[in-house]
Amino acid sequence: NNSAISSNNKSNSSNHNNNYSKLNINNKRKCCSSTKTNSRHYSSAHTQQPAGPVREIQIDPYIILDEDLKYVYDDIRERLLNGTTQSELNEIASYYFDGHGKAFRPMVVFLMAKAINYHLNKESSALLRKQRHLALFAEMAHSASLVHDDVIDQSDYRRGKPSVNALWNHKKVTMAGDFILSSASIMIARLRNDEVTILCSKILTDLVQGEFMQLGSRETENERFAHYLTKTYRKTASLVANTLKATAVIAEADEHLTELAFQYGRNIGLAFQLVDDMLDFVSSTEMMGKPAAADLKLGLATAPVLFACEKYPELNPMIMRRFSEPGDVERAFELVHKSNGLEQTRFLARKHGIEAIRLAQEITESPYQKGLQVVADLVINRMK
């Protein structure tokens, strides 16, 4: 359990760090504002010392991207509307694109796209229009996964309002999720870039495989954390990592820069989900837009529970039966709070956030490069 869970990316881990150190970028301009294995080089499940604080940079990514993000949901709704003559299908598919989301994934895609374009001195509107498709794809794929999750989890509440599952029947909701994915895939195919199409297809493959892993996680105690991290990569981090890599591919960046974009997205995605799993134990329904302890009620053992097992082994049989007996959810919730599980989860999230910052600092300085660093801080300090 104390060994790191490593990936087998195209280059081995010893070359990996050397590659980053070789990225000696000349700051040509000053900023205008002050794995072949699926587990992908994951951090150790057991942490030894606290990570340092994420340094504060006075810049708001949402403000510097205001014009780029302003019409994201309008554009998505328009694409869905133009893709069908079935009014109810369009209504269901558009339900979560009401403009009230955080647009976190499009925001990160735009930041990486503009940071890389600046770095490569390719700041053209034609290039950014292509990269915008990836920002829309990221939000559409994410929301489609939420639609499908609502059916699988039979949830009645999402983002502070009734879920699609509560308003329409399962068959229609499932088909609406498929429709969102197909519309997003057509949009990417029109870019006529084979590598980008493959990367986006990999995201969809990972989403399905991650969901299957979540449905059947009954591994031995030693395998459990590795399984959890691989599932987390596939369900959450793959989308961020591969869309960011695709933005670099569209910009014709070299292999090293595309890998940097991928690794930044992987670390941000893992940190995001770790914090999400932690918030399931500490945030109210009003803050999260869904009931507290939702994961436990679904039978899921996330990082806080897995860390808590070290101090309270009685959690192991509960995990194996997916918290199905009366009192399991309440007892597990109590033991997590009595253990260091929440602190250890935040610690691991911070490790990934700090690694993301290190990677972003290798890109030429610009407001967008600084924004990439701020994103890590936003992710690990968010409360909803």
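Our subject is the structure that appears above.
Described below are features of the structure shown in this document. (Residues numbered from 1 in each chain as written. Predicted model: local features only at pLDDT ≥ 70, side-chain atom pairs only at ≥ 80, totals over all residues. Heavy atoms only, no water.)

Take the pattern of salt bridges next. Within the structure shown, the criterion is met by 18 salt bridges. Close ionic contact of Arg 77 with Asp 74 constitutes a salt bridge, the shortest N to O distance being 2.4 Å. Taken together, the residues span about one helical turn, with Arg 77 and Asp 74 both in helix α4 (residues 72–82) at a distance of three residues. According to the relative accessible area criterion, Arg 77 is partly exposed, its value standing at 29%. (Salt bridge = Lys/Arg side-chain N within 4 Å of Asp/Glu carboxyl O. Helix = DSSP H or I, 4+ residues; strand = E, 2+ residues; numbered from the N terminus. Buried < 20%, exposed > 50% of the residue type's maximum accessible area, 1.4 Å probe, protein only.)

Attention now goes to the nonpolar core. Counting residues in each nonpolar core, the largest one holds 104 residues, and the members touching the most others are Val 196, Tyr 264, Val 305, Leu 315, Phe 323 and Val 375. It is helix α12 (residues 255–282) that contributes the most residues to this core, twelve residues altogether. Those residues in contact with Val 375, other than ones at most four positions away along the chain, are Pro 61, Phe 104, Met 107, Val 108, Leu 111, Tyr 264 and Ile 268. Among the nonpolar cores identified, the runner-up in size contains five residues, and Tyr 233, Ala 237, Phe 262 and Leu 270 belong to it. (Core = buried A, V, L, I, M, F, W, Y, C linked by side-chain atoms within 4.5 Å. Contact = heavy atoms within 4.5 Å.)

Let us look at the environment of Leu 204. Here Leu 204 lies in helix α10 (residues 194–215). A sequence separation of 63 residues divides Leu 204 from Ala 141, and the C-alpha atoms of the two residues are 7.6 Å apart. Aside from chain neighbours lying at most four places away, what touches Leu 204 is Phe 137, Ala 141, Leu 181 and Ser 185.

Okay, the packing of aromatic side chains next. Tallied over the full model, the rule gives seven aromatic pairs. Ring centres of Phe 225 and Tyr 228 lie 5.6 Å apart, and the angle between their planes is 75°; on these two criteria the pair is classed as edge-to-face. Of this pair, Phe 225 and Tyr 228 both sit in helix α11 (residues 221–250), three residues apart, roughly one helical turn. Its relative accessible area of 2% is what places Tyr 228 among the buried residues. Through a chain of ring-to-ring contacts, the aromatic side chains of Tyr 95, Tyr 96 and Trp 168 assemble into a single cluster. (Phe/Tyr/Trp six-rings, centres within 6.5 Å; stacked < 30°, edge-to-face > 60°.)

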